[in-house]
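Geometric and topological summary
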Amino acid sequence: MVDSVRLDELSWPEFAARIAAGAPVLLPLGSTEQHGPHLPLNVDVVLPTGVCERIARKIGGIVAPTVPYGCKSMPRSGGGEQFPGTLSVDAHTFALVLRDVIRNLARQGVRRLVVVNGHYENLWPSVEGLDLARREIARDGITDFTVMRLEYWDFAQRATLESIFPAGFPGIELEHASLMETSLMMVLRPDLVEMDKVPSDGPATFPPYDRFPVPDDFGLPPSGVLAVATGSTVEKGEALMADYVTHIAAAVRKEFGL
Ligand code: ZN
Ligand code: MN
(Lines give C-alpha, C1' and ligand atoms only; values in the text may rest on other atoms or scores of the structure.)
(Ligands and ions follow the chains in the order given, each with its own letter.)
Protein backbone atom coordinates (compact mmCIF):
# COMPACT_ATOMS: atom_id res chain seq x y z
CA MET A 1 0.00 0.00 0.00
CA VAL A 2 1.28 3.46 -0.88
CA ASP A 3 2.04 5.53 2.23
CA SER A 4 0.40 8.76 1.11
CA VAL A 5 -2.52 10.90 2.25
CA ARG A 6 -2.69 12.68 -1.11
CA LEU A 7 -5.64 11.68 -3.26
CA ASP A 8 -3.66 12.16 -6.48
CA GLU A 9 -0.93 9.81 -5.28
CA LEU A 10 -3.36 6.93 -4.65
CA SER A 11 -4.55 4.38 -7.18
CA TRP A 12 -8.27 4.37 -7.85
CA PRO A 13 -8.88 1.10 -5.97
CA GLU A 14 -6.97 2.43 -2.96
CA PHE A 15 -8.96 5.69 -3.06
CA ALA A 16 -12.23 3.76 -3.34
CA ALA A 17 -11.30 1.49 -0.44
CA ARG A 18 -10.40 4.36 1.88
CA ILE A 19 -13.60 6.23 1.03
CA ALA A 20 -15.67 3.09 1.57
CA ALA A 21 -14.04 2.81 5.01
CA GLY A 22 -15.31 6.32 5.82
CA ALA A 23 -12.15 8.41 5.36
CA PRO A 24 -12.85 12.15 5.41
CA VAL A 25 -11.52 14.17 2.48
CA LEU A 26 -9.79 17.53 2.98
CA LEU A 27 -9.88 20.01 0.10
CA PRO A 28 -7.38 22.90 0.38
CA LEU A 29 -8.15 26.19 -1.41
CA GLY A 30 -5.15 28.26 -2.46
CA SER A 31 -4.08 31.03 -4.79
CA THR A 32 -1.16 32.01 -6.99
CA GLU A 33 -0.40 35.42 -5.54
CA GLN A 34 2.51 37.71 -4.75
CA HIS A 35 3.86 37.34 -1.22
CA GLY A 36 6.57 39.98 -1.21
CA PRO A 37 10.18 39.70 -2.45
CA HIS A 38 11.16 37.05 0.12
CA LEU A 39 8.44 34.44 -0.45
CA PRO A 40 7.26 32.50 -3.54
CA LEU A 41 3.95 32.93 -5.33
CA ASN A 42 2.69 29.59 -3.99
CA VAL A 43 2.46 30.43 -0.27
CA ASP A 44 -1.34 30.14 -0.25
CA VAL A 45 -1.03 26.69 -1.85
CA VAL A 46 1.81 25.36 0.33
CA LEU A 47 0.31 26.41 3.67
CA PRO A 48 -3.23 24.94 3.52
CA THR A 49 -1.85 21.86 1.76
CA GLY A 50 0.71 21.32 4.53
CA VAL A 51 -1.88 21.86 7.25
CA CYS A 52 -4.26 19.40 5.55
CA GLU A 53 -1.59 16.73 5.08
CA ARG A 54 -0.70 16.83 8.78
CA ILE A 55 -4.36 16.65 9.80
CA ALA A 56 -5.01 13.80 7.36
CA ARG A 57 -2.19 11.77 8.93
CA LYS A 58 -3.75 12.26 12.38
CA ILE A 59 -7.31 11.35 11.45
CA GLY A 60 -6.90 8.89 8.57
CA GLY A 61 -8.03 11.42 5.97
CA ILE A 62 -7.26 12.04 2.29
CA VAL A 63 -6.12 15.40 0.84
CA ALA A 64 -7.61 16.28 -2.55
CA PRO A 65 -5.48 18.34 -4.98
CA THR A 66 -5.29 21.97 -3.84
CA VAL A 67 -7.12 24.54 -5.98
CA PRO A 68 -4.11 26.63 -7.15
CA TYR A 69 -5.98 29.68 -8.50
CA GLY A 70 -7.77 31.93 -6.04
CA CYS A 71 -10.25 34.77 -6.15
CA LYS A 72 -8.94 38.19 -7.07
CA SER A 73 -6.36 39.64 -4.72
CA MET A 74 -7.62 42.73 -2.91
CA PRO A 75 -5.21 45.57 -2.02
CA ARG A 76 -6.07 45.52 1.69
CA SER A 77 -5.63 41.74 2.13
CA GLY A 78 -3.28 40.56 -0.63
CA GLY A 79 -1.81 43.65 -2.28
CA GLY A 80 -4.01 43.51 -5.37
CA GLU A 81 -3.97 42.17 -8.90
CA GLN A 82 -1.25 44.45 -10.29
CA PHE A 83 1.68 42.39 -8.98
CA PRO A 84 3.51 40.24 -11.54
CA GLY A 85 2.73 36.57 -11.01
CA THR A 86 -0.60 37.05 -9.24
CA LEU A 87 -2.96 34.88 -11.31
CA SER A 88 -6.56 34.95 -10.12
CA VAL A 89 -9.95 33.82 -11.36
CA ASP A 90 -13.35 35.48 -11.12
CA ALA A 91 -15.33 34.65 -7.98
CA HIS A 92 -17.97 33.07 -10.24
CA THR A 93 -15.38 30.78 -11.87
CA PHE A 94 -13.92 29.85 -8.50
CA ALA A 95 -17.32 28.93 -7.07
CA LEU A 96 -18.08 26.74 -10.11
CA VAL A 97 -14.75 24.89 -9.89
CA LEU A 98 -15.49 24.17 -6.26
CA ARG A 99 -19.05 23.09 -7.09
CA ASP A 100 -17.81 20.63 -9.71
CA VAL A 101 -15.05 19.11 -7.56
CA ILE A 102 -17.33 18.70 -4.53
CA ARG A 103 -20.18 17.26 -6.62
CA ASN A 104 -17.80 14.66 -8.05
CA LEU A 105 -16.37 13.74 -4.66
CA ALA A 106 -19.91 13.16 -3.35
CA ARG A 107 -20.89 11.08 -6.39
CA GLN A 108 -17.83 8.91 -5.79
CA GLY A 109 -18.92 8.11 -2.28
CA VAL A 110 -17.29 10.82 -0.18
CA ARG A 111 -19.64 11.67 2.71
CA ARG A 112 -17.32 13.70 4.96
CA LEU A 113 -15.59 16.71 3.43
CA VAL A 114 -13.52 19.50 4.99
CA VAL A 115 -12.87 22.56 2.83
CA VAL A 116 -9.75 24.31 4.18
CA ASN A 117 -9.24 27.81 2.83
CA GLY A 118 -5.75 29.33 2.61
CA HIS A 119 -6.45 32.59 0.72
CA TYR A 120 -8.44 35.38 2.33
CA GLU A 121 -10.39 36.41 -0.79
CA ASN A 122 -11.70 32.85 -1.35
CA LEU A 123 -13.90 33.05 1.73
CA TRP A 124 -17.36 33.94 0.42
CA PRO A 125 -16.96 32.45 -3.07
CA SER A 126 -16.09 29.16 -1.36
CA VAL A 127 -19.34 29.39 0.60
CA GLU A 128 -21.14 29.91 -2.72
CA GLY A 129 -19.41 26.94 -4.42
CA LEU A 130 -20.23 24.74 -1.49
CA ASP A 131 -23.86 25.78 -1.53
CA LEU A 132 -24.17 25.13 -5.28
CA ALA A 133 -22.60 21.68 -4.80
CA ARG A 134 -24.91 20.81 -1.92
CA ARG A 135 -27.95 21.66 -4.05
CA GLU A 136 -26.82 19.31 -6.80
CA ILE A 137 -25.85 16.59 -4.34
CA ALA A 138 -29.31 16.79 -2.77
CA ARG A 139 -30.92 16.59 -6.24
CA ASP A 140 -28.84 13.45 -6.84
CA GLY A 141 -30.62 11.93 -3.86
CA ILE A 142 -27.57 11.91 -1.58
CA THR A 143 -28.83 12.84 1.88
CA ASP A 144 -25.91 11.93 4.13
CA PHE A 145 -23.20 14.26 2.77
CA THR A 146 -21.66 16.52 5.42
CA VAL A 147 -19.17 19.31 4.77
CA MET A 148 -17.17 21.63 7.00
CA ARG A 149 -15.63 24.88 5.70
CA LEU A 150 -12.95 26.86 7.52
CA GLU A 151 -10.04 29.28 7.35
CA TYR A 152 -7.06 27.46 8.90
CA TRP A 153 -5.71 30.64 10.52
CA ASP A 154 -8.79 30.94 12.74
CA PHE A 155 -7.45 27.99 14.78
CA ALA A 156 -4.45 29.87 16.19
CA GLN A 157 -4.91 30.06 19.96
CA ARG A 158 -4.90 33.37 21.80
CA ALA A 159 -1.88 32.39 23.94
CA THR A 160 0.12 31.52 20.81
CA LEU A 161 -0.74 34.83 19.13
CA GLU A 162 0.14 36.73 22.30
CA SER A 163 3.56 35.07 22.47
CA ILE A 164 4.25 35.66 18.76
CA PHE A 165 2.96 39.26 18.80
CA PRO A 166 3.89 40.71 22.22
CA ALA A 167 3.00 44.21 20.94
CA GLY A 168 -0.46 43.06 19.79
CA PHE A 169 -1.79 41.04 16.85
CA PRO A 170 -2.16 43.27 13.74
CA GLY A 171 -5.11 41.28 12.40
CA ILE A 172 -5.20 38.45 9.90
CA GLU A 173 -5.76 40.57 6.75
CA LEU A 174 -2.55 42.51 7.35
CA GLU A 175 -0.66 39.30 7.98
CA HIS A 176 -0.27 38.84 4.22
CA ALA A 177 3.34 37.75 3.45
CA SER A 178 4.18 38.79 7.00
CA LEU A 179 5.29 37.10 10.20
CA MET A 180 2.79 34.22 10.28
CA GLU A 181 3.01 33.18 6.62
CA THR A 182 6.80 33.60 6.59
CA SER A 183 7.27 31.53 9.77
CA LEU A 184 4.98 28.79 8.44
CA MET A 185 6.88 28.70 5.13
CA MET A 186 10.10 28.28 7.14
CA VAL A 187 8.53 25.10 8.54
CA LEU A 188 7.13 23.69 5.28
CA ARG A 189 9.42 24.99 2.51
CA PRO A 190 12.50 26.70 4.00
CA ASP A 191 14.18 26.29 0.61
CA LEU A 192 11.76 28.89 -0.81
CA VAL A 193 12.24 31.56 1.90
CA GLU A 194 14.85 34.30 1.37
CA MET A 195 15.13 36.10 4.70
CA ASP A 196 17.83 38.42 3.32
CA LYS A 197 15.13 39.90 1.04
CA VAL A 198 12.57 40.70 3.77
CA PRO A 199 11.48 44.31 3.13
CA SER A 200 10.97 47.03 5.73
CA ASP A 201 8.38 49.23 3.99
CA GLY A 202 5.42 48.04 6.09
CA PRO A 203 3.12 47.97 7.85
CA ALA A 204 0.33 49.10 5.56
CA THR A 205 -1.69 52.18 6.57
CA PHE A 206 -4.94 51.53 4.70
CA PRO A 207 -8.13 53.50 5.28
CA PRO A 208 -11.10 51.31 6.27
CA TYR A 209 -12.50 51.18 2.71
CA ASP A 210 -11.65 49.96 -0.81
CA ARG A 211 -11.06 52.39 -3.68
CA PHE A 212 -10.50 51.64 -7.38
CA PRO A 213 -8.28 52.63 -9.01
CA VAL A 214 -6.01 52.40 -5.98
CA PRO A 215 -4.45 55.83 -5.33
CA ASP A 216 -0.70 56.16 -4.79
CA ASP A 217 -1.22 57.25 -1.18
CA PHE A 218 -3.54 54.36 -0.25
CA GLY A 219 -1.01 52.98 2.24
CA LEU A 220 0.04 49.86 0.31
CA PRO A 221 3.72 49.01 0.89
CA PRO A 222 5.37 48.71 -2.57
CA SER A 223 6.91 45.35 -1.58
CA GLY A 224 3.45 43.76 -1.19
CA VAL A 225 4.24 42.74 2.41
CA LEU A 226 1.33 44.23 4.35
CA ALA A 227 2.68 44.02 7.91
CA VAL A 228 6.15 42.99 9.08
CA ALA A 229 8.02 39.76 8.28
CA THR A 230 11.12 40.57 10.32
CA GLY A 231 11.44 38.25 13.31
CA SER A 232 9.91 35.24 11.53
CA THR A 233 11.27 31.96 12.91
CA VAL A 234 10.78 28.23 12.50
CA GLU A 235 9.73 28.08 16.17
CA LYS A 236 6.88 30.55 15.63
CA GLY A 237 5.82 28.60 12.56
CA GLU A 238 5.84 25.33 14.49
CA ALA A 239 3.75 26.85 17.29
CA LEU A 240 1.13 28.04 14.79
CA MET A 241 1.17 24.75 12.90
CA ALA A 242 0.65 22.81 16.14
CA ASP A 243 -2.41 24.95 16.93
CA TYR A 244 -3.88 24.50 13.45
CA VAL A 245 -3.37 20.74 13.32
CA THR A 246 -4.50 20.03 16.89
CA HIS A 247 -7.61 22.17 16.85
CA ILE A 248 -8.79 21.54 13.29
CA ALA A 249 -8.35 17.79 13.81
CA ALA A 250 -10.36 18.04 17.03
CA ALA A 251 -13.15 19.92 15.26
CA VAL A 252 -13.24 17.37 12.44
CA ARG A 253 -13.35 14.49 14.91
CA LYS A 254 -16.19 16.20 16.78
CA GLU A 255 -18.31 16.92 13.69
CA PHE A 256 -17.77 13.57 12.05
CA GLY A 257 -17.80 11.45 15.22
CA LEU A 258 -14.36 9.99 14.49
ZN1 ZN B 1 -1.06 34.24 1.72
MN1 MN C 1 -3.70 35.21 -0.22
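You'll find the structure just up there.
Residues numbered from 1 in each chain as written. Chains lettered and ligands numbered in written order. Predicted model: local features only at pLDDT ≥ 70, side-chain atom pairs only at ≥ 80, totals over all residues. Heavy atoms only, no water.

Along the backbone of the chain there are eight helices and six strands. For the chain, the succession of helices and strands along the chain, N to C, is α-β-α-β-β-α-β-α-β-α-β-α-α-α. Against the globule reference of 18 Å for 258 residues, the chain gives a C-alpha radius of gyration of 19 Å, in line with a compact fold. Each of the three principal axes of the chain carries a C-alpha extent, and together these read 55 × 40 × 30 Å. Residues counted as buried form 52% of the 258 residues belonging to the chain. Within the chain, contacts between residues at least 6 apart in sequence are counted, and of these 78% link residues at least 24 apart. (Helix = DSSP H or I, 4+ residues; strand = E, 2+ residues; numbered from the N terminus. Rg over C-alpha atoms; globule rule 2.2 N^0.38 Å. Buried < 20%, exposed > 50% of the residue type's maximum accessible area, 1.4 Å probe, protein only. Contact = heavy atoms within 4.5 Å.)

Pairing is parallel in the open sheet, where four strands are placed in the order β2-β1-β5-β6. Single-partner strands in this sheet number two, and they are β2 (62-63) and β6 (146-151). Across two bridges, the pairing between strand β1 (residues 25-29) and β2 is parallel. Bridge assignment links L26 to a residue of β2, and that residue is V63. Against the sheet, helix α4 (residues 91-107) touches β1 and β5 (112-117), its axis set at about 170° to β1. Contacts from helix α5 (residues 123-139) reach β1, β5 and β6, with the element oriented near 175° to β6. (Pairing = 2+ DSSP bridges. Axes fitted to C-alpha atoms, helices over the stretch in contact; angles between N-to-C directions.)

Moving on, we come to the packing of aromatic side chains. Summed over all chains, the structure comprises six aromatic pairs. For the ring pair F165 and F169, a centre distance of 5.1 Å and an interplane angle of 45° mean the geometry is tilted. Exposure remark for F165: the relative accessible area of 10% places this residue in the buried category. Given a relative accessible area of 35%, F169 falls into the partly exposed group. Measuring from ring centre to ring centre gives 5.7 Å for F206 and F218, while their planes differ by 50°; the resulting arrangement is tilted. One end of the pair, F206, is in the loop between α7 (179-188) and α8 (234-256); the other, F218, is in the loop between α7 and α8, with twelve residues separating them in the sequence. For F206, a relative accessible area of 18% translates into the label buried. Under the relative-accessibility criterion, F218 is labelled buried at 3%. (Phe/Tyr/Trp six-rings, centres within 6.5 Å; stacked < 30°, edge-to-face > 60°.)

The subject of this paragraph is the coordination of the manganese ion (ligand 2). By definition of the ideal shapes, four donors in a tetrahedron about a metal sit 109.5 degrees apart, and six donors in an octahedron sit 90 or 180 degrees apart. Those protein atoms acting as donors to the manganese ion (ligand 2) are E33 (OE), D44 (OD) and H119 (ND1), and they sit at 1.9 to 2.4 Å. The motif formed by the donor residues of the manganese ion (ligand 2), counted along the single chain, is E-x10-D-x74-H. The distance between the manganese ion (ligand 2) and the zinc ion (ligand 1) comes to 3.4 Å, with D44 serving as a donor to both metals. With E33 in the loop between β1 and α2 (43-59) and D44 in helix α2, the pair connects residues that are eleven residues apart, well separated along the chain. (Donors = N, O, S within 2.8 Å, 3.2 Å for Na, K, Ca; no water.)

Taken across its ten residues, α7 has ten buried, putting it largely inside the fold. Within α7 the residues assigned to the buried category are L179, M180, E181, T182, S183, L184, M185, M186, V187 and L188. Against the buried residues of α7 lie α2, α6 (158-164) and α8.

On to the nonpolar core. Counting residues in hydrophobic clusters, the biggest one holds 40 residues, and the most contacted among them are Y152, Y244 and I248. Looking at this core, the elements that each hand over two or more residues are α2, β5, β6, α6, α7 and α8. Once you skip the residues sitting within four places of it in the chain, I248 turns out to touch V51, I55, L150, Y152, F155 and D243. (Core = buried A, V, L, I, M, F, W, Y, C linked by side-chain atoms within 4.5 Å.)

Moving on to α8. A rise of 1.5 Å per residue sets the reference length of α8, with its 23 residues, at 33 Å; its end C-alpha atoms lie 32 Å apart and thus fit the reference within 8%. Regarding α8, the residues found buried are G237, L240, M241, D243, Y244, V245, I248, A249, V252 and F256. Positive backbone phi, approximately 60°, marks G257, located one or two places after α8. (Expected span 1.5 Å × (residues − 1).)

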